[in-house]
Amino acid sequence: MKKLVLMFAAATLAVSASAQTVSESKTFDNFYIGINGGVATKTTGHKWLSDLNPNAGLRIGRNFTPVFGLAIEGNAYFSNKPWSSTGTVVRAINTQLLGTVNLSNWFGGYLGEPRVFEVSALYGLGWGHVFNNTDATTPDRMTSKAAIDFTFNLGKNKAWQIYIEPSINFAFLGQSSDAKLAGAQYGYKAYSNDFQPAYNIHNSYVQLNAGIVYKFKNSNGTHNFTIVTPRDQAEIDALNAQINELRNRKPEVITKEVVKEVPTVKEFTVSDLVFVTFAQGKYDLTNDAKAALDNIKAGSHVQVVGTASPEGSVELNQRLSENRAKVVADYLSNRGVIIDEATGKGVQGTTSNRLAVVYVK
């Protein structure tokens, strides 16, 4: 019991540590759905890899952190081998609640988006049912599964996964009411004593499945967790000071250092620039941002440049800067402002430039 409590405490600390590195996860974020299929065979009592039993299943789950998650999985088994026929198309079903641990993120850290290849461990308990079972004492059984997933994350947004999963599955049968029947059916004593569940290799089967998973889009517009670096008030004040210092520079300095990214614009003054700031990993317009943009008159020609801070991957920051430029351009366009160009420039420099700069002609 003491070991169990210590293990639970360690897992809780690990969850807390992981949760501090990523953005807030809302109730319906980080859900996924997948299908899988493969073959299973009894671990003992017959020729290895003979009497293969095909199966197919559905998995629905949620990742609570980049490391830990939960999933519900149900599989149907279609062959009667190596047992006698039940007379049904589906011989048995097995439904389980699985805990998932992303070993790649646990030991290697989460990098802001999933790796192309990851390894995860799964373990859980469930319920199995054999249809038309002639032994009325054991049609329903407690089950357990332990598995390793070798996963590939695919697509531009890493929204799809394919995985290969070897596993071992146990059925907890308890003491048979007829030892002779058990011996005749299985050829050995496959039951535990005193009606107590036990992991018995004779009551298990090994399984090899492959599956495909789709991760639903989250409230932040991505399909995965995003990293958040905590900011203290001193850093926020420093960023505000940097923005104010940029506003107060002479027009020719601003033209040389900022507008050089927009070659079609030759010269600007401070009053021609509107700065829109964003929260880390976000591209939603705040009320203050909308109020600043409302000062740009309808019919004006503008150019919009979006930027991002250095945290996260190059691909993620480039996409984030483009989204910031686009949301500003869409807001202005709806107000009658003419958008000459809206581009994302990714990370500009080494500071936390989570901005969209609007150049008003």
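Everything numeric in this text was worked out from a predicted model, so none of it was measured. (Residues numbered from 1 in each chain as written. Predicted model: local features only at pLDDT ≥ 70, side-chain atom pairs only at ≥ 80, totals over all residues. Heavy atoms only, no water.)

Participant: If you had to explain the sheet that holds strand β3 (residues 68-77) to someone new, which residues and values would you point to?
Facilitator: Reading around the circumference, β1-β2-β3-β4-β5-β6-β7-β8 is the order of the eight strands in this closed barrel, with antiparallel pairing throughout. Here the strands of the sheet are splayed against their neighbours by 25 degrees on average, with no regard to which way each runs. Judged from the 11 bridges that link them, strand β1 (residues 31-42) and strand β8 (residues 204-215) form a sheet pairing that is antiparallel. Paired with Ile35 across the two strands is Ile212, which belongs to β8. (Pairing = 2+ DSSP bridges. Helix = DSSP H or I, 4+ residues; strand = E, 2+ residues; numbered from the N terminus. Axes fitted to C-alpha atoms, helices over the stretch in contact; angles between N-to-C directions.)

Participant: Talk me through the sheet that holds strand β11 (residues 338-347); I want residue IDs and the actual numbers.
Facilitator: Spatially, the four strands line up as an open sheet ordered β9-β12-β10-β11, and their pairing is mixed. Looking at the sheet topology across the chains shown, the edges are occupied by β9 (273-277) and β11. For this sheet, the mean angle separating the axes of adjacent strands, direction not counted, is 15 degrees. Summarising the sheet, β9 and strand β12 (residues 355-360) pair through five bridges and their orientation is antiparallel. By the bridge assignment for β12, Phe275 is matched with Val357. In the packing of helix α7 (residues 314-334) onto the sheet, contacts are made with β9, β10 (301-308), β11 and β12, and the angle to β11 comes to roughly 160 degrees. (Contact = heavy atoms within 4.5 Å.)

Participant: Tell me what's going on with the environment of Ile338, and back it up with residues and numbers.
Facilitator: Summarising the element assignment, Ile338 is placed in strand β11. Classification of Ile338 by relative accessible area gives partly exposed; the value is 35%. As a C-alpha pair, Ile338 and Val302 span 36 residues in sequence and 6.4 Å in three-dimensional space. For Ile338, the contacting residues outside a window of four places in its chain are Gly299, Ser300, His301 and Val302. (Buried < 20%, exposed > 50% of the residue type's maximum accessible area, 1.4 Å probe, protein only.)

Participant: Lay out the side chain of Glu113 in plain terms, naming residues and giving numbers.
Facilitator: Along the chain, Glu113 falls in the loop between α2 (103-108) and β5 (117-130). Of the side chains bearing the opposite charge, Lys158 lies closest to the buried Glu113, which forms no salt bridge; the N-O distance is 4.5 Å. Beyond its immediate stretch of four places on either side in the chain, Glu113 contacts Ser313 and Glu315. (Lys, Arg positive; Asp, Glu negative; His and termini not counted. Salt bridge = Lys/Arg side-chain N within 4 Å of Asp/Glu carboxyl O.)

Participant: Quick rundown of the side chain of Ser79? Include the residues and the values.
Facilitator: Among the structural elements, Ser79 can be located in the loop between β3 and β4 (92-102). Residue contacts for Ser79: discarding those within four places in its chain leaves Leu52, Asn53, Pro54 and Arg91.

Participant: Which residues make up the pairing of β1, and what values go with them?
Facilitator: Where β1 meets strand β2 (residues 53-63), 10 bridges bridge the pair, whose relative direction is antiparallel. Looking at the pairing, Asn36 lines up with Gly57 of β2.

Participant: Can you explain the pattern of salt bridges? Please cite residues and give values.
Facilitator: Inspection of the entire model under this criterion finds nine salt bridges. As a salt-bridge pair, Asp149 and Arg59 come within 3.2 Å of each other at their nearest N and O atoms. Of this pair, Asp149 sits in strand β6 (residues 140-154) while Arg59 sits in strand β2, and the two are 90 residues apart along the sequence. The two residues Asp149 and Arg59 agree in class, both being buried. Among the ionic pairs, Asp340 bridges to Lys361, the shortest N-O distance being 2.9 Å. Of the two residues, Asp340 is situated in strand β11 and Lys361 in the segment after β12; the sequence distance between them amounts to 21 residues.

Functional significance is not addressed by these values, which are geometric in nature.
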